[in-house]
Amino acid sequence: MEQLQEDLMAAGEELPRFGADGDYGSETVEAVKAFQARHNLTVDGIAGPNTMKKLKEVIKDMTQQKPNESHKEAWEWAQEKGLLNGKDPRKPITREQMSTVMMRLYKKLK
């Protein structure tokens, strides 16, 4: 169970209260539902075979560090404009990293 929760968080889902506590409680159900909705799966909160397969794909894609095809154009544009550094396209962004992106954008717009 903890691995599922860790994988969900690595894929960008939030488990802010309990994290990877090994309990398939309401927070985990909501994280699974959010993941399912984001990836056009049946939204039922159950980490069944289709959800687990997609979660493994997402985690694998993240380790390959290539942008998802649906985001590739925007990722390349942001790199070209100097807004992003070109590293880790599939990892979550921190608030401090977001602040840097916003500052770079602000300076370009001035």
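One structure accompanies this document, and this report is about it. (Residues numbered from 1 in each chain as written. Predicted model: local features only at pLDDT ≥ 70, side-chain atom pairs only at ≥ 80, totals over all residues. Heavy atoms only, no water.)

1. Describing the overall build of the protein chain
Turning to step 1, where the next piece is worked out: Of regular secondary structure, the protein chain possesses five helices and zero strands.
Turning to step 2, where the next piece is worked out: The 110 residues of the protein chain split such that 24% are buried.
Turning to step 3, where the next piece is worked out: Taking all contacts inside the protein chain whose residues are at least 6 apart in sequence as the whole, residues at least 24 apart take part in 26%.
Turning to step 4, where the next piece is worked out: Just so you have it, the protein chain exposes about 7900 Å², and 51% of that area is on carbon and sulfur atoms.
Turning to step 5, where the next piece is worked out: Here the protein chain carries 18 positive and 18 negative side-chain charges, and the mean point of each set is 9 Å from the other. (Helix = DSSP H or I, 4+ residues; strand = E, 2+ residues; numbered from the N terminus. Buried < 20%, exposed > 50% of the residue type's maximum accessible area, 1.4 Å probe, protein only. Contact = heavy atoms within 4.5 Å. Areas by Shrake-Rupley, 256 points an atom, 1.4 Å probe, with all protein chains shown as cover. Lys, Arg positive; Asp, Glu negative; His and termini not counted. Charge placed at Lys NZ, Arg CZ, Asp CG, Glu CD.)

2. Some details on the pattern of salt bridges
Turning to step 1, where the next piece is worked out: Counted by the stated rule, this structure contains three salt bridges.
Turning to step 2, where the next piece is worked out: In this structure, the salt-bridge partner of Glu57 is Lys54, at a minimum N-O distance of 3.5 Å. Here Lys54 and Glu57 lie together in helix α3 (residues 49-64), a separation of three residues that amounts to about one turn.
Turning to step 3, where the next piece is worked out: Residue classification places Glu57 among the partly exposed positions, given a relative accessible area of 33%. (Salt bridge = Lys/Arg side-chain N within 4 Å of Asp/Glu carboxyl O.)

3. Some thoughts on the nonpolar core
Turning to step 1, where the next piece is worked out: Judged by nonpolar contacts, Leu4, Leu8, Ala11, Leu15, Ala31, Val32, Phe35, Leu55, Val58 and Met62 together constitute the single largest core of 10 residues.
Turning to step 2, where the next piece is worked out: Elements supplying a minimum of two residues to this core: α1 (2-10), α2 (26-38) and α3.
Turning to step 3, where the next piece is worked out: Sequence-distant contacts of Leu55, that is, excluding residues within four places in its chain, are made with Leu4, Asp7, Leu8, Ala11 and Phe35. (Core = buried A, V, L, I, M, F, W, Y, C linked by side-chain atoms within 4.5 Å.)

4. Considering the environment of Ala20
Turning to step 1, where the next piece is worked out: Residue placement: Ala20 occurs in the loop between α1 and α2.
Turning to step 2, where the next piece is worked out: The sequence separation of Ala20 and Trp75 amounts to 55 residues, and the corresponding C-alpha distance is 30 Å.

5. Side note on unusual backbone geometry
Turning to step 1, where the next piece is worked out: Here Asn40, not a glycine, exhibits a phi torsion of approximately 55°, which is positive.
Turning to step 2, where the next piece is worked out: Turning to its location among the elements, Asn40 is positioned in the loop between α2 and α3.
Turning to step 3, where the next piece is worked out: Using a relative accessible area of 74% as the deciding quantity, one classes Asn40 as exposed.

6. Focus: the layout of surface pockets
The probe, sized like a water molecule, is rolled over the atoms to show the empty space still left.
Turning to step 1, where the next piece is worked out: If you add up the space inside the largest pocket, you get close to 990 Å³.
Turning to step 2, where the next piece is worked out: Broken down by secondary-structure element, the contributors of at least two residues to the lining of the largest pocket are α3, α4 (72-80) and α5 (95-109).
Turning to step 3, where the next piece is worked out: Taken together, the residues that form the lining of the largest pocket break down as 13 nonpolar, eight polar and nine charged. (1 Å grid on protein atoms, 1.4 Å probe; cavity = no way out; pocket = protein on both sides within 12 Å on 5 of 7 lines; lining within 4 Å. Points joined across faces, edges and corners; volume = space filled by probe spheres on them. Nonpolar A, V, L, I, M, F, W, Y, C, P; charged D, E, K, R; others polar.)

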